[in-house]
Amino acid sequence: MIGRLNHVAIAVPDLGAASDLYRGTLGASVGPPQDEPDHGVTVVFIELPNTKIELLTPLGTDSPIAGFLAKNPSGGIHHICYEVDDIIAARDQLLANGARVLGSGEPKIGAHKKPVLFLHPKDFNGTLIELEQT
Ligand code: CO
């Protein structure tokens, strides 16, 4: 069902500092910040030859990553994103196998303007998984 690794997301307390770190120290190609109000985050994408890194920082007062950063004040790996061909078929197969989909269970439009869903980390070895339809 899952295909390519689309991105690894890292929650950061300071998006500018993290962008500078990737651009300067790691010599990566760092995109501009994008506000994602539907997801309560501001994101920066870093293009690598084989995948992307998504830097995330809270946007607004009830960001879903605020609690994560409270527990991990210097930041940390927040989720990984796998590509799927058909997100509804993938969701239905996961639900039939007992996995939990976060939120309403309906896909939201993600940072790449494509439908995404998140899966409960307790069902996947402590890893928050994002599925993106490509
Ligand atoms: Co993501």
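Just above sits the structure.
Calculation criteria
Residues numbered from 1 in each chain as written. Predicted model: local features only at pLDDT ≥ 70, side-chain atom pairs only at ≥ 80, totals over all residues. Heavy atoms only, no water. Helix = DSSP H or I, 4+ residues; strand = E, 2+ residues; numbered from the N terminus. Buried < 20%, exposed > 50% of the residue type's maximum accessible area, 1.4 Å probe, protein only. Contact = heavy atoms within 4.5 Å. Pairing = 2+ DSSP bridges. Donors = N, O, S within 2.8 Å, 3.2 Å for Na, K, Ca; no water. Tetrahedral: all angles 85-135°; square planar, octahedral: opposite > 155°, others 65-115°. Arc of directions from axis to C-beta. Polar contact = N/O pair within 3.5 Å; in protein donor to acceptor, adjacent residues only side chain to side chain.

## Comments concerning the environment of threonine 57
Residue position: threonine 57 is located in strand 5 (residues 52-58). Assessed through its relative accessible area of 11%, threonine 57 is described here as buried. Taking the C-alpha atoms as reference points, threonine 57 and leucine 15, 42 residues apart in sequence, are found 6.2 Å from one another. Not counting the four nearest positions on each side in its chain, threonine 57 is found in contact with Val12, Pro13, Asp14, Leu15, Gly40, Val41, Thr42 and Ile65.

## Description of the pairing of strand 9 (residues 128-133)
For strand 9, the buried fraction is high: five of the six residues fall into the buried class. Of the pairings in the sheet, the one linking strand 8 (residues 115-119) to strand 9 comprises four bridges and is antiparallel in character. Within the sheet, the bridge partner assigned to phenylalanine 118 lies in strand 9 and is glutamate 130.

## Description of the coordination of the cobalt ion
Binding of the cobalt ion to the protein goes through His7 (NE2), Glu54 (OE), His79 (NE2) and Glu130 (OE), at separations of 2.0 to 2.4 Å. Classification of the site at the cobalt ion rests on its four donor atoms, whose angles at the metal span 83 to 172 degrees, yielding the label irregular. Of note, the cobalt ion draws all its donor residues from one chain, in the sequence arrangement H-x46-E-x24-H-x50-E. Here histidine 7 is found in strand 1 (residues 5-11), whereas its partner glutamate 130 is found in strand 9, with 123 residues between them in sequence. Since its relative accessible area comes to 1%, histidine 7 is described here as buried. Overall, glutamate 130 belongs to the buried group, its relative accessible area being 5%.

## Some remarks on helix 3 (residues 87-96)
Buried within helix 3 are the following residues: Ile87, Ala90, Arg91 and Leu94. The buried residues of helix 3 occupy one face: seen down the axis, they fall within an arc of 100 degrees. Where helix 3 is buried, its residues meet strand 6 (76-84), strand 8 and strand 9. With a side-chain oxygen positioned 3.1 Å from the backbone nitrogen of isoleucine 88, the residue opening helix 3 is aspartate 86.

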